[in-house]
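# Secondary and tertiary structure notes
Chain by chain, the residues:
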Amino acid sequence: MDRIRIRGGRPLKGTIAISGAKNAALPLMTASLLADEPLVLEHLPALADITTLAHLLALLGVESTEIANGEAGRTLSFHARHIAETTAPYDLVRKMRASILVLGPLLARRGSARVSLPGGCAIGTRPVDLHLKAMQAFGAEVELAGGYVEARAPRGLRGAHIVFPKISVGATENALMAAVLARGESLIENAAREPEIADLGRCLAAMGARIEGIGTETLRVQGVDRLHGARHSVVADRIEAGSYAIAAAITGGDVELIGARLDLMGAVAEMLGEAGLAIDETPRGIRVRRAGGRVLGVDVMTEPFPGFPTDLQAQIMALMTTCEGASMVTESIFENRFMHVPELVRMGASINLHGASAMVRGVKTLKGAPVMATDLRASVSLVLAGLAAEGETVISRVYHLDRGYDGLEAKLSACGADIERLRD
Ligand code: EPZ
């Protein structure tokens, strides 16, 4: 398994191009199931998760064709002319739990779906009860058999009024994709407001869907008989942008994030400003630099958008390990998202866990060490710590990293980092 070796202590200087968002690309790809004409997606990142989902879509009968592959990411066409198969098998779903996002589109287009339950992952049990309840609200019969969700709607889906008891990104996406072809009007309340959902809404509208309230917590949808093809560019990845903003901060550098959008950064830009960083919009994106002195300790609690994103919790904690003072980091979305903590402690960080909160006391500097990645965002937090640490850090199990960061070593090396992949 590949490892990444970093020799730390070099301030990052230069520019980093931000790729299309993984968490927008995945639902956008499943939306191709809703039409019998091609959906062309631009600005797709080259990530393992995208490849895995393309395999699953191919199993279902979606033809994907690469149209371009350049600086601005990949352009792929996804054409679900016919849906030959409605089963999403366990061996693919267990590799990428976002496969559950084929449930709504398959029910809406074909009236049947058999999707393996994704199972938990490193960061939590990740139930899908809200997805299933939403499908039942649209009139589908849903049962669990042999580790699979078996859902049927032989007479098609009917418009529903859904009030989510808890904010869920994936359940909102599945409900929206079901609603666009359901008979009549649907109202989805307490919907998640992540920018990736707004991006999906805009793409569905381009395909002919009738949606009001895109980007808000209330989505009103008038179902239509069919959707047509469209061309859509994937929104920039705010989590990748936040990760590299923190890379600039932790190394005392000065980096311009090309294609990043301040309006997508929600509470992240605010928090980084409080920590003493200069964040400025530029004509091409966002410039992040440490305006002298040490990073100041700030408290962080993860919340649904526009609050501080859980997908940047591990990264901000890495930044806080060398802050002036202390920082309380509270994870309120997932039940087990502190696996980066023992690895950061191995590098000399001072972190104490108290339930859903981690008390981080700033130390002067981190020391490089051999560490292990455990999940996607924990792995990048170890990269960030390695960039700042004295000496050499070697991170194992970096396949986690490849799921969510397109060209990470190249992007960081281009800004002066001493980082290389060791192929075993
Ligand atoms: C999406 O996961 C993202 N993944 C996650 O990013 C992200 O961390 C998460 O949203 C929160 O922002 C993709 O978009 C592919 P949720 P999702 O449903 O949809 C509970 C990354 O690193 N819940 O908003 O699975 C759930 O257990 C990944 O890129 C239920 O209880 O997240 C969690 O506690 C990690 N029942 C909370 O809701 C359900 O039916 C939020 O989960 C669904 C979720």
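Below or above, wherever it landed, is the structure these notes cover.

### Some remarks on the packing of helix α4 (residues 103–110) against helix α6 (residues 169–179)
Running from N to C, α4 and α6 point in directions that differ by 10°, and their axes come no closer than 7 Å. One finds that α4 runs roughly parallel with respect to α6. The interaxial crossing formed by α4 with α6 has right-handed handedness. Between α4, through L103, G104, P105 and A108, and α6, the contact on the second element is made entirely by N174, M177 and A178. Residues belonging to the contact of α4 with α6 are distributed by class as follows: five nonpolar, two polar and no charged.

### Examining the site of the ligand
Around the ligand, a shell composed of 22 residues is seen, among which D129, L130, S168, D311 and I333 lie nearest. Contact between the ligand and L130: an oxygen atom at 2.7 Å from a main-chain N or O atom of the residue. Residue D311 places a side-chain N or O atom 2.6 Å away from an oxygen atom belonging to the ligand. In isolation the ligand offers 830 Å² of accessible surface; the protein chains occlude 88% of this area. For the shell around the ligand, the secondary-structure elements that each account for two or more residues are α1 (22–31), α5 (129–137), α6 and α12 (376–388).

### Comments concerning the pairing of strand β23 (residues 392–396)
Here strand β1 (residues 3–7) pairs with β23 via four bridges, running antiparallel. Bridge pairing links I6 to T393 in β23. As defined by bridge partners, strand β22 (residues 370–372) adjoins β23 across three bridges and the pair is classed as parallel. Bridge assignment links P370 to a residue of β23, and that residue is V394. Of the crossover connections in this fold, the one passing from β22 over α12 to the parallel β23 is right-handed.

Parameters at a glance
- Throughout this document, residue positions are counted from 1 along each chain, in the order its sequence is written.
- Under the rules for a predicted model, residues below a pLDDT of 70 receive no local features and side-chain atom pairs below 80 are neither given nor counted, while totals for whole chains, interfaces and linings still include all residues.
- Side-chain numbers here rest on the full set of heavy atoms in the structure, without hydrogens or water.
- A fitted line through C-alpha atoms serves as each axis, taken over the contacting stretch for helices, and the angle formed by two N-to-C directions is quoted from 0 to 180°.
- Here a strand is any run of E in DSSP of at least two residues, a helix any run of H or I of at least four, and the numbering for each starts at the N terminus.
- Any angle between 65 and 115 degrees counts as roughly perpendicular, while under 35 counts as roughly parallel, over 145 as roughly antiparallel, and the rest as oblique.
- Left-handed describes a crossing in which the near helix is turned anticlockwise from the far one by less than a right angle; the clockwise case is right-handed.
- Contacts between residues were defined by any pair of non-hydrogen atoms, one from each residue, lying within 4.5 Å.
- For this scheme, ten residues count as nonpolar: Ala, Val, Leu, Ile, Met, Phe, Trp, Tyr, Cys and Pro. Four count as charged, namely Asp, Glu, Lys and Arg, and the remainder, Gly too, count as polar.
- Near is defined per residue: the residue qualifies when any heavy atom it owns lies within 4 Å of the molecule or strand.
- Each polar contact in these results corresponds to two N or O atoms within 3.5 Å; when the atoms are within protein, one needs to be able to donate a hydrogen and the other to accept it, and residues that are neighboring in sequence are counted only if both atoms are side-chain atoms.
- Methods summary: accessible areas were calculated by the Shrake-Rupley approach with a probe of 1.4 Å, and residue burial reflects only the protein chains presented.
- In short, DSSP must find at least two bridges between two strands for them to pair.
- A crossover gets the label right-handed when its path from the first strand over the helix to the second runs clockwise, viewed with the strands pointing away from the viewer.

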